[in-house]
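Okay, here's what each chain looks like letter by letter:
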Protein chains: 2
Amino acid sequence: MATEVARWSGLIKRIRLVCRNCSEEYESRLLYACPKCLGALEVKYEVSGMSKSTFESRKRSIWRYFELLPIEDPSNVVDIGSGNTPLVKADRLGEELGIRELYIKNDTLNPTFSFKDRPASVAVSKAKEFRLVAVGCASTGNLASATAAHATKAGLPCYVFMPSDVERNKILQVTQYGAEVVLVNGTYDDVNRLAHVSCDLYDVGIVNVNLRPYYVEGSKTMMLEIVEQLGWRAPEHVIVPMASGALLCALHKGLKEIEELGMVKGSTRMSGAQPEGCSPIVDAFKKGLDYVIPVERPTTLVKSLAIGMPGDGAFALKTVRQSGGVCESVSDGEALYAASLLAKTEGIFAEPGGAITVAVLKKLLEDGKVDRSEEVVCCVTGAGFKATEHISQQDVRTKLISPKIEMLNTIFAR
Amino acid sequence: MATEVARWSGLIKRIRLVCRNCSEEYESRLLYACPKCLGALEVKYEVSGMSKSTFESRKRSIWRYFELLPIEDPSNVVDIGSGNTPLVKADRLGEELGIRELYIKNDTLNPTFSFKDRPASVAVSKAKEFRLVAVGCASTGNLASATAAHATKAGLPCYVFMPSDVERNKILQVTQYGAEVVLVNGTYDDVNRLAHVSCDLYDVGIVNVNLRPYYVEGSKTMMLEIVEQLGWRAPEHVIVPMASGALLCALHKGLKEIEELGMVKGSTRMSGAQPEGCSPIVDAFKKGLDYVIPVERPTTLVKSLAIGMPGDGAFALKTVRQSGGVCESVSDGEALYAASLLAKTEGIFAEPGGAITVAVLKKLLEDGKVDRSEEVVCCVTGAGFKATEHISQQDVRTKLISPKIEMLNTIFAR
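No experiment lies behind these values; they were computed from the predicted model shown.

## Some thoughts on the overall build of chain A
Then, in step 1: For chain A, the helix and strand inventory stands at 14 helices and 15 strands.
Then, in step 2: Computed over the C-alpha atoms, the radius of gyration of chain A is 21 Å, within 12% of the 22 Å expected from 2.2 N^0.38 for a compact globule of 414 residues.
Then, in step 3: Expressed along its principal axes, the backbone C-alpha trace of chain A runs to roughly 75 × 45 × 45 Å.
Then, in step 4: Counting every position in chain A, which comprises 414 residues, the buried fraction comes to 59%.
Then, in step 5: Within chain A, counting contacts between residues at least 6 apart in sequence, those at least 24 apart form 68% of the total.

Structure representation (structure tokens):
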């Protein structure tokens, strides 16, 4: 059932699809639901002859982890430099929050300024490998630009679907890459349904629908980088924003894979963050449910996390519980405050959906659910420019002066 | 005259200041003009015991080149992950322009989304080393955020001076880091004069005035990275945006330094790009002058390059000529077109001041001043989000639909 695949630097890998529900295995192909039970599929790898230095010796992008990514022929890789983002020791923010070992994984520094470049890079590469003639996505805003940028690099037409109330700058950005931008007068879940129909009716690879098993593999590179940046050590605790829940699951999968390869030891608590106006996974966690009750109308301004029907919700719940983590939500105000705090202590300008992990950490510390001596990595997933309408005029304080020397007294003499 | 400095990994370096005009040498201290002749000072290094692998083994930021940066005590380093940006092989854009070997150094992926994080990181570190109590800068917009972000990480108050007509998003961004933002009702040259007076009258380190010799050292890391990313090989031709001209000079200085260390061979043509509405260096180049005639009122919308009185203009001219490069200017329309082309071919969203190198390359190819078989690196220095007012409504084309399946025909059936 396995396809023998790429030989790169003399290494061999085999990939196949496995049903997360019934464990049936399939050859790698354009398939996203198990034909037997309709369960979600995920990619499994058989790799050999690989060491940490294999990865370390390669160029700095997500593609240094080629053997753990589901592309068979390296010539199909679409690489615009995604990944390779800084892991910043956040001593100033840590002091502010009262925690000793805090890191920020600054994924605002991806080519289109969000972590979505990781999965988009893999999905568009796979679309090329499957010889698809067009790609697209359902997006809350960030995936749109990530898909469009990689599609244009691959020379493929791109169709992106977003809710019409998405932030203005996200719309502006995606149009620059030359994509066909479709704004849907509805929620993200409406958008997602249209995208599902699109790949059933038209010959298009929707990166987070029919390419989804491949797509999510890209996200796990965030964890591979964190571990490598810590000197091949698993962090004690990672806090991740949750929309569909896929990112959290992917990070955990990545960690397990390199653990199985003997590259890292130890376990990591995985915790998830959502905004109160759309927190179906957190609600299920707190109620002790192992399934998620959809939120019909998200009411948060944290648009990038406004997915009422999270596709990977149940898996995220399971992962969080098994790892000893927690799920927590915060108000929009707390997310905005965290974004401001992150900029003012660490010089990192993030959108509220990215900084929400900092807000959740603050709450967990206050509630005693994270110990002040615990080592925590907060994943910050999108840049502040993407959501500038949430920055209040009060925060944009400036002083206007005429170009005269005596005016300097009004600046420095206070 | 030399100060013995940092021992890091058992290596030794000595740094001193040398007058670019009369060659007099000084100990490293807070000095930016030669006390004898008022010439500009630059940092010279004496290093030993270093190899390529010394650099390669270190973490990924500009600080991997510690021995070639003017900080004595590593504990003074203020690092938020600046540098380590992708060098993208730009085959799609290259095909469009008709050139075989084209690379984009994508410096939009710095912590505050412009290359200015490189010099700001070094200057704020040096301010810490000099025990200064506050920092600031004169800025056309990008340096403001870079200085503010590094200052807040260092725990230092920050005063930034910008012309009041700078792009709105640049103002918004810098306020987020908690800096004191002073908008000056005048040109950049007015702003620069105020900044000069500030460090004479007040106890503040203005990164591009009294810290300037140290500041410019940060910029050269862009060239060190390009060379390392090419496998320790000097590129044939690099095109750089010019405002003060300092970036171009710094890249050339970096190349010479690693050449002297025997890490790289061969020469690189250095070319400079300016907008027609403010092109004093280009004008001097074309007239065969070895000095620059200031532009009193810049009339370009490429604000980040609107410096009428370029401090390093004469040095940039000399560097370009000695290296066999050229200086060229383009219209605002050509710069905007290049930004659009870069997004639509390579998925890189740059501001016009960053994409101007692509516009100049296009012109040089058309004029036969660059050969189509020449290897060229275009430095792209700032992100598109920084200057969104230049994106015309015509370029933000979207389609609004209701969430109904039959609407898909209007999308895909064209």
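## Re the interface of chain B and chain A
Then, in step 1: Across the contact, 65 residues belong to chain B and 65 residues belong to chain A.
Then, in step 2: When residues of the side of chain B that touches chain A are traced back to their parent elements, those giving at least two are α4 (142-154), α5 (168-176), β9 (180-184), α6 (188-201), α12 (332-346), β15 (399-401) and α14 (408-412) of chain B.
Then, in step 3: For the side of chain B that touches chain A, the leading source of residues is α5(B), giving six residues.
Then, in step 4: Residue composition of the side of chain B that touches chain A, by class: 31 nonpolar, 24 polar and ten charged.

## Remarks on the packing of α4(B) against α5(B)
All names here are of chain B.
Then, in step 1: Between α4 and α5, the shortest axis-to-axis distance is 9 Å and the interhelical angle comes to 10 degrees. When the interaxial angle is binned, α4 and α5 end up roughly parallel. Of the residues in α5, those in contact with N142, A144, S145 and A148 of α4 are K170, Q173 and V174.
Then, in step 2: The residue makeup of the contact of α4 with α5, split by class, is three nonpolar, three polar and one charged.

## Considerations on the relation of the copies chain B and chain A
Two chain copies, one operation linking them: a rotation about an axis together with a shift along it.
Then, in step 1: At an RMSD of 0.0 Å, chain B and chain A line up after a rotation of 180 degrees and a shift of 0.0 Å along the axis. These values place the two chain copies in the arrangement generated by a two-fold rotation axis. Residues of chain B ranked by C-alpha distance from the rotation axis are headed by B:L109, positioned 2.6 Å from it.
Then, in step 2: Interface residue correspondence from chain B to chain A reaches 100%, placing this contact among same-surface, isologous pairings.

## Comments concerning the sheet that holds strand β7 (residues 135-138) of chain B
Then, in step 1: Spatially, five strands are ordered β15(A)-β9(B)-β8(B)-β7(B)-β10(B) in an open sheet, and the strand pairing comes out parallel. With partners counted over all chains shown, the strands left at the sheet margins are β15 (399-401) of chain A together with β10 (205-206) of chain B, one partner each.
Then, in step 2: Pairing geometry for β15(A) and β9(B), over three bridges, is parallel. What sits directly across from A:L400, in β9(B), is B:L183.

## Considering the confidence of the model for chain A
Residues and elements named next belong to chain A.
Then, in step 1: Looking at chain A as a whole, its pLDDT mean stands at 94, while 97% of the residues score no less than 70.
Then, in step 2: Between residues 1-7, whose pLDDT stays under 50, and residues either more than four places distant or in other chains, the model counts 23 contacts.
Then, in step 3: As a predicted assembly, this complex carries a pTM of 0.95 together with an ipTM value of 0.94.

## Let's talk about α4(B)
All names here are of chain B.
Then, in step 1: Spanning 13 residues, α4 covers 19 Å between terminal C-alpha atoms, matching the ideal 18 Å at 1.5 Å per step.
Then, in step 2: Counted residue by residue, α4 has 13 buried out of 13 residues, so it is predominantly covered.
Then, in step 3: Positive backbone phi, at 75 degrees, marks G155, one or two positions downstream of α4.

## Regarding unusual backbone geometry
All names here are of chain A.
Then, in step 1: Despite not being glycine, S23 has its phi angle at roughly 65 degrees, a positive value.
Then, in step 2: Mapped onto the fold, S23 is located in the loop between β2 (11-19) and β3 (25-27).
Then, in step 3: Given 10 C-beta atoms within a 10 Å radius, S23 is considered exposed.
Then, in step 4: One non-glycine residue, R131, lies in positive phi territory at about 60 degrees.

## Some words on the sheet that holds strand β11 (residues 237-241) of chain B
All names here are of chain B.
Then, in step 1: Overall, mixed pairing links the six strands, which are arranged β5-β6-β14-β11-β12-β13 in an open sheet. The open sheet has two edge strands with one neighbour each: β5 (87-89) and β13 (327-330). When the angles between neighbouring strand axes are averaged without regard to direction, this sheet yields 25 degrees.
Then, in step 2: Note that β5 and strand β6 (residues 101-106) share three bridges and pair antiparallel. The residue bridging K89 from the neighbouring strand is Y103, located in β6.
Then, in step 3: Contacts from helix α9 (residues 246-260) reach β11 and β12 (269-275), with the element oriented near 150 degrees to β11.

## A few points about the nonpolar core
Then, in step 1: Judged by nonpolar contacts, the single largest core of 252 residues is most densely connected at A:V160 and B:V160.
Then, in step 2: Every residue in contact with B:V160, bar those within four places of it in the chain, is listed here: B:G136, B:C137, B:S139, B:A144, B:T147, B:A148, B:V174, B:A179, B:V181 and B:V182.

## Focus: the domain arrangement of chain A
Then, in step 1: When its domains are assigned, chain A resolves into domain 1 (1-49) and domain 2 (87-113 + 216-394).
Then, in step 2: Taking only C-alpha atoms into account, the centre of domain 1 of chain A sits 28 Å from that of domain 2 of chain A.

## Describing the packing of helix α3 (residues 117-129) of chain A against helix α4 (residues 142-154) of chain A
Residues and elements named next belong to chain A.
Then, in step 1: Closest axis-to-axis distance for the α3/α4 pair is 9 Å, and the angle between their directions is 40 degrees. Considered as vectors, α3 and α4 are oriented oblique to each other. Note that α3 runs across α4; the crossing there is right-handed. Where α3 approaches α4, its residues D117, A120, S121, V124 and K128 are matched on the opposing element by L143, A146, T147, H150, A151 and A154.

## Some remarks on the environment of A:E95
Then, in step 1: Note on placement: A:E95 falls in helix α2 (residues 91-97).
Then, in step 2: Each C-alpha atom, one on A:E95 and one on A:A151, is 42 Å from the other, the two residues being 56 residues apart in sequence.

Rules used in this analysis
- Residues numbered from 1 in each chain as written.
- Chains lettered and ligands numbered in written order.
- Predicted model: local features only at pLDDT ≥ 70, side-chain atom pairs only at ≥ 80, totals over all residues.
- Helix = DSSP H or I, 4+ residues; strand = E, 2+ residues; numbered from the N terminus.
- Rg over C-alpha atoms; globule rule 2.2 N^0.38 Å.
- Buried ≥ 20, exposed ≤ 12 C-beta atoms within 10 Å, placed from the backbone.
- Contact = placed C-beta atoms within 7 Å.
- Nonpolar A, V, L, I, M, F, W, Y, C, P; charged D, E, K, R; others polar.
- Axes fitted to C-alpha atoms, helices over the stretch in contact; angles between N-to-C directions.
- Parallel < 35°, antiparallel > 145°, perpendicular 65-115°, else oblique.
- Least-squares fit on C-alpha atoms with pLDDT ≥ 70 in both.
- Pairing = 2+ DSSP bridges.
- pLDDT = per-residue confidence, 0-100.
- Expected span 1.5 Å × (residues − 1).
- Core = buried A, V, L, I, M, F, W, Y, C linked by C-beta atoms within 7 Å.
- Domains from an automatic or database assignment.
- Left-handed = near helix turned anticlockwise from the far one by under 90°.

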